[in-house]
Amino acid sequence: MQLFDTRTSTTAPFVAGATVRLYVCGITPYDSAHLGHAFVYTVFDVLIRRLEAEGHKVVYVRNVTDVDDDILRTSRERGVDYQVLSRSEAAAFHANLTRLGLRPPDVIPFATEAVPAMIPMVSGLLQRGVAYALADGRVYADVDAMEDYLAFSGLDRDEALRQFAEKGGDPEAEGKRNPLDFLLWQPSLPDEPSWATPWGAGRPGWHLECSAMAMEHLGSTIDIHGGGNDLIFPHHEAEILQSEALTGQGPFARVWMHVGMVALEDVKMSKSLGNLVFLGDLLDRYDPDAVRRLLLSNHYRSGWTYTEADMESAATAVKGWHGAADGDPLAVDGVVAAVAAAVDDDLDTPRAIRLIDDAVSAGNGMAARAAATQLGFFLGV
């Protein structure tokens, strides 16, 4: 299997051991799952299925960020406890991914459950001199004291500052040594959850949460770390810095995989803009296989735009897969192998879909359906 690694910007063989440890950044559950979420997690579903088909055990961890500025703000606006909000939205999210046919994670850690592991992590970073505490209880990672800051994302300082501010950072906060230093710990507002620490009561920073949950369940180094490409900076850059600075080991992840963004009318879908196509709504209107086909018709590293016409086309094509005559049973092995080879080529699911369509066009429906099941479609063989 060949996979593109964001950290090296190269495609290289992925040498898998008997067990593959996979961590994928999950949701902040303050609203319903949208098509962008579905794209990310369907991509990793295909990866997991392929690895498991080759006999590897995959330990899949996908977190839930249930303490975060966004969820606390939303819970305040709705007048509901943040844990009630997060648990209900997370349950709905997992239900929709199940409807889509995704293999569930082995572990779904909630950030609040991992706070006891985060506090000693912050202490360790302070002791190593790569973090500093301010009198008001804020603790920052000192990016100037960490090795190779911005090497992962490849951003220059001006672009890093722009993205840092856009994605919830605090470059202009008083007391910081460097505007790009990121929060490891912060004081809580009176109506926010709080945990006691040696440097003051408060709550963890977002980046720290994923490092803690990944290491708690998969160890100090993992095989594959994934998420949307909007997380490359600052989230994943911060994860690498703090994790490797804490453990003295590297790399934190052998391969970093990032999935492109989904747009609506050429604007990236986001909760803040409100331009969302909700997964549950699509599954109410279309066969799950149709939604999966729409997603996998796009290469995972490319951004794309949702249109209703493409959704209708995907639904029509999947009906054709169901209705195609069985054809030559001797064609099955060849089509299955060709689709597997496409997946092994950096998850080239668009090519895999075309191969399945070609089999249908050639009258080999049995081969098409057998190959499609490798990609997680519900089609019977």
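Refer to the structure above for everything that follows.
Rules of the game
- Residues numbered from 1 in each chain as written.
- Predicted model: local features only at pLDDT ≥ 70, side-chain atom pairs only at ≥ 80, totals over all residues.
- Heavy atoms only, no water.
- Helix = DSSP H or I, 4+ residues; strand = E, 2+ residues; numbered from the N terminus.
- Rg over C-alpha atoms; globule rule 2.2 N^0.38 Å.
- Contact = heavy atoms within 4.5 Å.
- Areas by Shrake-Rupley, 256 points an atom, 1.4 Å probe, with all protein chains shown as cover.
- Lys, Arg positive; Asp, Glu negative; His and termini not counted.
- Charge placed at Lys NZ, Arg CZ, Asp CG, Glu CD.
- Buried < 20%, exposed > 50% of the residue type's maximum accessible area, 1.4 Å probe, protein only.
- Axes fitted to C-alpha atoms, helices over the stretch in contact; angles between N-to-C directions.
- Parallel < 35°, antiparallel > 145°, perpendicular 65-115°, else oblique.
- Left-handed = near helix turned anticlockwise from the far one by under 90°.
- Pairing = 2+ DSSP bridges.
- Nonpolar A, V, L, I, M, F, W, Y, C, P; charged D, E, K, R; others polar.
- Right-handed = clockwise from strand over helix to strand, strands pointing away.
- Expected span 1.5 Å × (residues − 1).

### Considerations on the overall build of the protein chain
- Assigned secondary structure in the protein chain consists of 13 helices and 13 strands.
- Taken over C-alpha atoms, the radius of gyration comes to 22 Å for the protein chain, in line with the 21 Å a tight globule of 381 residues would show.
- Put simply, of all contacts in the protein chain between residues at least 6 apart along the chain, 74% involve residues at least 24 apart.
- For the protein chain, the accessible surface area stands at approximately 15200 Å², while carbon and sulfur atoms represent 51% of it.
- Once the 31 positive and 54 negative side-chain charges of the protein chain are each reduced to a mean point, those two points are 2 Å apart.

### So, helix α13 (residues 365-373)
- Of all the 9 residues making up α13, 7 are buried; the element is thus mostly covered by neighbouring parts of the structure.
- Those residues of α13 that are buried are in contact with α10 (308-323), α11 (332-344) and α12 (349-361).

### Quick look at the environment of Phe93
- Among the secondary structure elements, Phe93 is positioned in helix α3 (residues 82-99).
- As a C-alpha pair, Phe93 and Val143 span 50 residues in sequence and 35 Å in three-dimensional space.
- If we ignore the near neighbours within four places in the chain, the residues touching Phe93 are Ile27, Ala33, His37, Tyr41 and Arg62.

### Some points on the packing of α12 against α13
- Between α12 and α13, the shortest axis-to-axis distance is 7 Å and the interhelical angle comes to 160°. Here α13 runs roughly antiparallel to α12, going by the angle between their axes. When you trace α12 past α13, the crossing you get is left-handed. On the side of α12, the interface is formed by Ile356, Ala359 and Val360, while α13 contributes Gly365, Ala368, Ala371 and Ala372.

### Some remarks on the sheet that holds strand β3 (residues 19-27)
- Strands sit in the order β4-β3-β9-β10 across an open sheet of 4 strands; the sheet is parallel. Whereas interior strands pair on both sides, the edge strands pair on one side only; in this sheet they are β4 (57-64) and β10 (253-259). Across this sheet, the average inter-strand angle for adjacent strands is 20°, counted without regard to direction.
- As paired strands, strand β9 (residues 222-228) and β10 are joined by 6 bridges and run parallel to one another.

### Remarks on the packing of helix α1 (residues 35-53) against helix α9 (residues 288-296)
- Contact geometry for α1 and α9: axes closest at 10 Å, N-to-C directions at 85°. As far as their axial angle goes, α9 and α1 are roughly perpendicular. Across from Leu35, Ala38, Phe39, Thr42, Asp45, Val46 and Arg49 in α1, the residues of α9 making contact are Val291, Arg292, Leu294, Leu295 and Leu296.
- Residue composition of the contact of α1 with α9, by class: 8 nonpolar, 1 polar and 3 charged.

### Side note on the pairing of β4
- Counting buried positions along β4 gives 6 out of 8 residues, so the element sits mostly inside the fold.
- Sheet analysis places β3 next to β4, joined by 7 bridges and oriented parallel. Residue pairing in the sheet places Leu22 in a bridge with Tyr60 of β4.
- Following the chain from β3 across α1 to the adjacent parallel β4, one finds a crossover that is right-handed.

### A closer look at the sheet that holds strand β12 (residues 267-268)
- Read across the open sheet, the 3 strands follow the order β12-β11-β13; overall the sheet is mixed. Whereas interior strands pair on both sides, the edge strands pair on one side only; in this sheet they are β12 and β13 (304-306).

### Describing helix α4 (residues 115-127)
- With 13 residues, α4 should reach 18 Å at 1.5 Å per residue; the first-to-last C-alpha distance of 19 Å fits that figure.
- Buried within α4 we find Val115, Met118, Ile119, Met121, Val122, Ser123, Gly124 and Leu125.
- As for α4, its buried residues are in contact with β5 (131-133), β6 (139-141), β7 (183-186), β8 (203-204), α6 (206-218) and α7 (232-247).
- Among the residues trailing α4, Gly129 stands out with phi positive, at a value near 75°.

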